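Given next are the chains, with one letter for each unit.
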Amino acid sequence: QVRLVESGGGLVQAGSSLTLSCTASGSTFSDYDMGWFRQAPGEGREFVAGISRSGGMIEYGDSVKGRFTISRDSAKNTLYLQMNSLKPDDTAVYYCAADRITIAHPDYWGQGTQVTVSS
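Residues numbered from 1 in each chain as written. Predicted model: local features only at pLDDT ≥ 70, side-chain atom pairs only at ≥ 80, totals over all residues. Heavy atoms only, no water.

(A) Structural detail: the overall build of the protein chain. Check the secondary structure of the protein chain and you find zero helices and eleven strands. Counted from the first residue to the last, the protein chain has its helices and strands arranged as β-β-β-β-β-β-β-β-β-β-β. A globule of 119 residues ought to have a C-alpha radius of gyration of about 14 Å, and the protein chain, at 13 Å, matches this closely. Dimensions of the protein chain, computed from the C-alpha atoms along their principal axes, are close to 40 × 25 × 25 Å. Burial statistics for the protein chain: of 119 residues in total, 41% are counted as buried. Working note: accessible area of the protein chain is about 5,900 Å², and carbon and sulfur atoms make up 47% of it. Both charge centroids of the protein chain, one from 10 positive and one from 12 negative side chains, sit 4 Å from each other. (Helix = DSSP H or I, 4+ residues; strand = E, 2+ residues; numbered from the N terminus. Rg over C-alpha atoms; globule rule 2.2 N^0.38 Å. Buried < 20%, exposed > 50% of the residue type's maximum accessible area, 1.4 Å probe, protein only. Areas by Shrake-Rupley, 256 points an atom, 1.4 Å probe, with all protein chains shown as cover. Lys, Arg positive; Asp, Glu negative; His and termini not counted. Charge placed at Lys NZ, Arg CZ, Asp CG, Glu CD.)

(B) Broad picture of the environment of Gly15. Structurally, Gly15 can be placed in the loop between strand 2 (10-13) and strand 3 (18-25). Taking relative accessible area as the criterion, Gly15 reaches 55% and is therefore assigned exposed. Linking Gly15 and Gly55, residues 40 residues apart in sequence, is a C-alpha distance of 28 Å.

(C) Main features of the packing of aromatic side chains. Inspection of the entire model under this criterion finds four aromatic pairs. Seen from their ring centres, Phe37 and Phe47 are 5.5 Å apart, and the 75° between their planes marks the pair as edge-to-face. On the criterion of sequence distance, the pair formed by Phe37 in strand 4 (residues 33-39) and Phe47 in strand 5 (residues 45-51) is long-range, its members being ten residues apart. A relative accessible area of 7% means that Phe37 is categorised as buried. Using a relative accessible area of 25% as the deciding quantity, one classes Phe47 as partly exposed. An angle of 85° between the planes, with centres 6.4 Å apart, marks the rings of Tyr95 and Trp109 as edge-to-face. Of this pair, Tyr95 sits in strand 9 (residues 92-99) while Trp109 sits in strand 10 (residues 108-109), and the two are 14 residues apart along the sequence. Assessed through its relative accessible area of 13%, Tyr95 is described here as buried. Here the aromatic residues Phe37, Phe47, Tyr95 and Trp109 are joined through ring pairs into a cluster of three or more. If you follow Arg45 out to its NZ or CZ, it ends over the ring of Tyr95, 4.0 Å from the centre. (Phe/Tyr/Trp six-rings, centres within 6.5 Å; stacked < 30°, edge-to-face > 60°. Lys NZ or Arg CZ within 6 Å of the ring centre and 35° of its normal.)

(D) Just the sheet that holds strand 3, in detail. If you trace the four strands from one edge of the open sheet to the other, you get 1-3-8-7, paired in antiparallel fashion. Of all strands in the sheet, those bounded by a partner on one side alone are strand 1 (3-7) and strand 7 (68-73). Taken pair by pair, the neighbouring strands of this sheet meet at an average axis angle of 15°, ignoring direction. In this sheet, strand 8 (residues 78-83) lies alongside strand 7 in antiparallel orientation, the contact comprising six bridges. Each residue of the ladder has a partner; that of Ser71, found in strand 8, is Tyr80. (Pairing = 2+ DSSP bridges. Axes fitted to C-alpha atoms, helices over the stretch in contact; angles between N-to-C directions.)

The structure is reproduced here in structure tokens:
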């Protein structure tokens, strides 16, 4: 069973950049497809980005395409989310997720990290 711990959240101004990290432990990192989801207050959980276990397949939610970049470093057992041109609408709790089969329905979740974008 993989354990996921996010870091890097914070309060930033609109137009800024921020990088989130998710460190995995307890299992073989390369066995998992990985992804980022987010949940704004009063909203459901939204898919942000996903990356296959090899890193060869990547997809993004429509609201972040062209602004966010997902990547993974197997040597460090770490998943990243580079967020550029942040908007107030990006304010949410960001969750790291993992699954052995598909990130569309992840079995494993981190505790979340808050990102707040001020206007």
